[in-house]
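Examining the three-dimensional arrangement
The residues making up each chain are set out below.
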Amino acid sequence: MLDFNACVLLIYTGGTVGMIEDATGALRTFDFNHLKKYVPEINRLNFNIESIQFEVPIDSSDMNPEKWLHLVKIIEENYNKYDGFVILHGTDTMAYSASALSFMLENLNKPVILTGSQLPIGKIRTDGKENLITALEIAVDKNENGEAVVPEVCIFFQNLLMRGNRTIKVNADNFRAFNSFNYPILAEAGTYIRYWNDLVLHRPRNLKPKFHYLLDTNVTVIRIFPGISAETLRAIIHIPHLKGIVLETYGAGNAPTGKWFLDVIKEGIDKGIVIVNVTQCASGSVEMNRYQAGQALKDIGVLSGNDVTTEAAVAKLMFLFGHGLSRDEVKCNMQLSLAGEITV
Ligand code: ASP
């Protein structure tokens, strides 16, 4: 159901999507106040769109926790004025930002849809217009009770609406750049937008949204590989103030079974670091009981990340430690679903 008085706030952070070709054929970012000039299709949407942009639009490789706070601030300051939010974002770190925002925007009752494109909006074959227009429509879509259909942080890309914290970038140039392997898609845009309402995160509607600004960046990722050395591992584990590690292991959560490996990981656990086991595979989950190589990690205190993505695990550790939770509280929360990021 479309609400013709609805209004979306479009937040442009940067990335390929907001670029047009100038007279010389060079790509440059365009002023979003002139969005309607470059994307005239927007004039035909039956709701209002206002836009705001980062003072200096960034390649999303430069996205960082400070800028996530800025995004949360923009959304908090404008929360009551708009029906939904669309964030135009570079694709490279979009899954990280979507994950972080899913924790930082608690009890959302309005959609926050991230989208972008592989080709700039100013290119004839751009995927950007389609992504943008449908994301805007989703941001204002309401059910028969006048409530937002998708009150959560999502990524919309190439016709698919995915839960943001379940999504990973899977392709550097194909238009289908994102996938959500461990959670079904929330909607698909064809001749009409088909929603799978049962899969959408439904929180009690009377909860007040909470905007969180505390993140602790003392976390890191270790991707193991055949040949990784004890020196490398030890150097990381002894980084001062390190609180959390996302350990990307093989398959169902397996890692070398050698004493040298387990000893170094145990050193980290004994130092109080929370180590979360996630799989390097794009799809599937960690099951540390399945093989001896996983069981050994469990026995020394490594936590199963189950089917969480690396992107969501990193953001969640930053969020939990940022809120001053103790090691045990962080461990406990890592096993819970805070924003639909993990299957429990
Ligand atoms: N490097 C760009 C970015 O992530 C790629 C893109 O926008 O798709 O900002």
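The structure under discussion appears in the preceding block.
Notes on the site of the ligand
By nearness alone, every residue bordering the ligand is listed as Gly-15, Thr-16, Asp-59, Ser-60, Gly-90, Thr-91, Asp-92 and Ser-117. The separation between an oxygen atom of the ligand and a polar main-chain atom of Thr-16 is 2.8 Å. Thr-91 is positioned with one of its side-chain polar atoms (N or O) 2.5 Å from an oxygen atom of the ligand. Computed on the free molecule, the ligand has an accessible area of 260 Å², of which 89% lies beneath the protein chains in the complex. Class assignment of the residues belonging to the shell around the ligand gives a composition of no nonpolar, six polar and two charged.

Focus: the sheet that holds strand β18 (residues 303–304)
Backbone-to-backbone hydrogen bonds join strands into a sheet, with any given pair of strands oriented parallel or antiparallel. Strand order in the open sheet formed by four strands is β15-β16-β17-β18, and the pairing between neighbours is parallel. This sheet does not close on itself; its edge strands, each paired only once, are β15 (219–223) and β18. Summarising the sheet, strand β16 (residues 244–249) and strand β17 (residues 274–279) pair through six bridges and their orientation is parallel. When the sheet's bridge partners are listed, Gly-244 is paired in β17 with Val-274. Relative to β16, helix α8 (residues 310–322) is tilted by about 165°, and along the sheet it contacts β15, β16 and β17. Sheet contacts for helix α9 (residues 327–334): β17 and β18; angle to β17, the most-contacted strand, approximately 20°.

With respect to the nonpolar core
Ranked by internal contacts, the top residues of the largest apolar core, which has 52 residues, are Ile-75, Leu-105 and Leu-317. When sequence neighbours within four positions are dropped, the list of residues in contact with Ile-75 reads Ile-11, Phe-85, Ile-87, Leu-105, Val-112 and Phe-211. Residues Leu-35, Leu-45, Phe-156 and Tyr-195 belong to the second largest nonpolar core, which totals 37 residues.

Here we look at the packing of aromatic side chains
Applying the stated criterion across every chain yields a total of six aromatic pairs. Between the NZ or CZ atom of Lys-110 and the centre of the ring of Tyr-79, over which it lies, the distance is 4.8 Å.

Some details on the environment of Gln-295
With respect to the secondary-structure elements, Gln-295 resides in helix α7 (residues 292–299). For Gln-295, a relative accessible area of 25% corresponds to the partly exposed category. A sequence separation of 202 residues divides Gln-295 from Thr-93, and the C-alpha atoms of the two residues are 32 Å apart. Discounting chain neighbours no more than four positions away, the residues touching Gln-295 are Met-288 and Asn-289.

Remarks on the side chain of Asn-165
Among the secondary structure elements, Asn-165 is positioned in the loop between β9 (160–163) and β10 (168–169). Engagement of the side chain of Asn-165 in a polar contact is seen with the side chain of Ser-102, the distance being 3.0 Å. Here Ala-339 takes part through its backbone oxygen, which lies 2.8 Å from a polar atom of the side chain of Asn-165. If near-sequence neighbours (up to four positions away) are discounted, Asn-165 is found in contact with Ser-99, Ser-102, Thr-309, Ala-312, Ala-339, Gly-340 and Glu-341.

Remarks on the pattern of salt bridges
All chains considered together, the criterion is met by 13 salt bridges. The residue Glu-41 makes a salt bridge to Lys-129 at a minimum N-O spacing of 3.6 Å. Pair noted here: Glu-41 is in the loop between α1 (35–38) and β4 (48–58) and Lys-129 is in helix α4 (residues 128–140), with a separation of 88 residues, a long-range link. One salt bridge in this structure joins Lys-169 and Asp-92, with 2.7 Å as the shortest N-O distance. With Lys-169 in strand β10 and Asp-92 in the loop between β5 (84–88) and α3 (94–104), the pair connects residues that are 77 residues apart, well separated along the chain. By relative accessible area, Asp-92 is classed as partly exposed at 43%.

Here's the deal with helix α5 (residues 230–237)
Buried within α5 we find Ala-230, Leu-233, Ile-236 and Ile-237. Down the axis, α5 shows its buried residues gathered within 135° of arc, on one side only. What points out from α5, more than 90 degrees from its buried face, is the exposed set Glu-231 and Ala-235. At its buried positions, α5 is contacted by β15, β16 and α6 (259–270).

Cut-off values and rules
Residues numbered from 1 in each chain as written. Predicted model: local features only at pLDDT ≥ 70, side-chain atom pairs only at ≥ 80, totals over all residues. Heavy atoms only, no water. Near = heavy atom within 4 Å. Polar contact = N/O pair within 3.5 Å; in protein donor to acceptor, adjacent residues only side chain to side chain. Areas by Shrake-Rupley, 256 points an atom, 1.4 Å probe, with all protein chains shown as cover. Nonpolar A, V, L, I, M, F, W, Y, C, P; charged D, E, K, R; others polar. Pairing = 2+ DSSP bridges. Helix = DSSP H or I, 4+ residues; strand = E, 2+ residues; numbered from the N terminus. Contact = heavy atoms within 4.5 Å. Axes fitted to C-alpha atoms, helices over the stretch in contact; angles between N-to-C directions. Core = buried A, V, L, I, M, F, W, Y, C linked by side-chain atoms within 4.5 Å. Buried < 20%, exposed > 50% of the residue type's maximum accessible area, 1.4 Å probe, protein only. Phe/Tyr/Trp six-rings, centres within 6.5 Å; stacked < 30°, edge-to-face > 60°. Lys NZ or Arg CZ within 6 Å of the ring centre and 35° of its normal. Salt bridge = Lys/Arg side-chain N within 4 Å of Asp/Glu carboxyl O. Arc of directions from axis to C-beta.

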